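# Structural overview
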Amino acid sequence: MKKLSVVFALLLSFMLVLSACGTSSTNDKKNDNQSASKGNQDLLAKIKADGKILIGTEGTYAPFTFHDKSGKLTGFDVEVATEVAKRLGVTPEFKETQWDAMFAGLDAKRFDMIANEVGIRPDRQKKYDFSDPYITSSAVLIVRKDNNKVKKFEDLKGLKSAQSMTSNYADIARKYGANIVSVPGFNESIDLLGANRVDATVNDKISFLDYKKQKPDAPVKIASTSADASQSGMMFRKDNKTLVDAVNKALKDMIADGTYKKISEKWFGEDVLK
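Residues numbered from 1 in each chain as written. Predicted model: local features only at pLDDT ≥ 70, side-chain atom pairs only at ≥ 80, totals over all residues. Heavy atoms only, no water.

## Considerations on the packing of aromatic side chains
Under the criterion given, the structure shown has 11 aromatic pairs. When the centroid spacing of 6.3 Å and the interplanar angle of 15 degrees are considered together, the rings of Phe-76 and Tyr-134 count as stacked. On the criterion of sequence distance, the pair formed by Phe-76 in helix α3 (residues 76–88) and Tyr-134 in the loop between β7 (128–130) and β8 (135–144) is long-range, its members being 58 residues apart. Grouping residues by exposure puts Phe-76 and Tyr-134 together as buried. Seen in terms of ring centroids, Phe-76 and Tyr-260 are 5.9 Å apart; in terms of plane orientation they differ by 85 degrees. Their pairing is edge-to-face. Placement of the pair is Phe-76 in helix α3 and Tyr-260 in helix α10 (residues 259–268), with a sequence separation of 184 residues. (Phe/Tyr/Trp six-rings, centres within 6.5 Å; stacked < 30°, edge-to-face > 60°. Helix = DSSP H or I, 4+ residues; strand = E, 2+ residues; numbered from the N terminus. Buried < 20%, exposed > 50% of the residue type's maximum accessible area, 1.4 Å probe, protein only.)

## Side note on the packing of α3 against helix α9 (residues 241–256)
Closest axis-to-axis distance for the α3/α9 pair is 9 Å, and the angle between their directions is 110 degrees. As the angle between them shows, α3 and α9 are arranged roughly perpendicular. Contacts between α3 and α9 involve Val-80, Glu-83, Val-84, Arg-87 and Leu-88 from the former and Leu-243, Ala-246, Val-247, Ala-250, Leu-251, Asp-253 and Met-254 from the latter. Broken down by class, the residue content of the contact of α3 with α9 amounts to 9 nonpolar, no polar and 3 charged. (Axes fitted to C-alpha atoms, helices over the stretch in contact; angles between N-to-C directions. Parallel < 35°, antiparallel > 145°, perpendicular 65-115°, else oblique. Contact = heavy atoms within 4.5 Å. Nonpolar A, V, L, I, M, F, W, Y, C, P; charged D, E, K, R; others polar.)

## Regarding the environment of Phe-268
Among the structural elements, Phe-268 can be located in helix α10. Counting along the chain gives 205 residues from Phe-268 to Pro-63, while the straight-line C-alpha distance between them is 8.6 Å. Once you skip the residues sitting within four places of it in the chain, Phe-268 turns out to touch Pro-63, Phe-64, Phe-76 and Ile-206.

## Overview of the pairing of strand β12 (residues 220–237)
Pairing of strand β6 (residues 113–119) with β12 involves 3 bridges; the strand directions are antiparallel. Paired with Ile-114 across the bridge in β12 is Met-235. As judged from the 3 bridges shared by β7 and β12, these two strands associate in the antiparallel manner. Paired with Phe-130 across the strands is Met-235, a residue of β12. Where β8 meets β12, 9 bridges bridge the pair, whose relative direction is antiparallel. Each residue of the ladder has a partner; that of Ser-137, found in β12, is Ser-230. (Pairing = 2+ DSSP bridges.)

What follows is the structure in structure tokens.
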């Protein structure tokens, strides 16, 4: 009996050790998850702690993001993003970069979000999160004023089209068989077109109308307008839901109280949300 008691005691001790190990393992996993969560600190909390939000933008894409005559960064996207930051209770800090380097900058955490009329597309949504749409616009086919041969998108086949390589508009030009000539942005595409170095550019209707308002004598025109409207949103790295939700709330509040419409009409003369 004494031997059995000893054996029983040993078994009981062994079971208690296993139980403790199991609890320890569970606690370790819980602690690991908490550490991982802390290591991937909530971006909105960090932004509020820092008192600023870093915003990637081009700074050369009128009327969305550009420098005025005094050198100040301004534009529709700049004003909307500034108002969003205000409603988050932080200061906006804009980081300017070329369009084709902008996504890499977001990946590298140089920015917390991008505000630059970024089209919401399925391929981008696989890698990034977007805010609710805050711009709706159409693609237009732009040619020189004296060009009467290119009248529709199908006429692009085999022609040179100046495009930002990763933009929605470059995809449209490729779809219709154009030979893409890479440019940093809208202004450069218009410059090449005016210099007769390309045949066309597919670009944003709102940008073109603003350009013509600023330069009514520019020798370019709209040859055709796409029937499909595209929507744009502010773009974020994945897994930052609290920040995306906060930005969406700010946008909804801006729309509800008329602030968005006021900014939109200032730059475009109409509400570009619809």
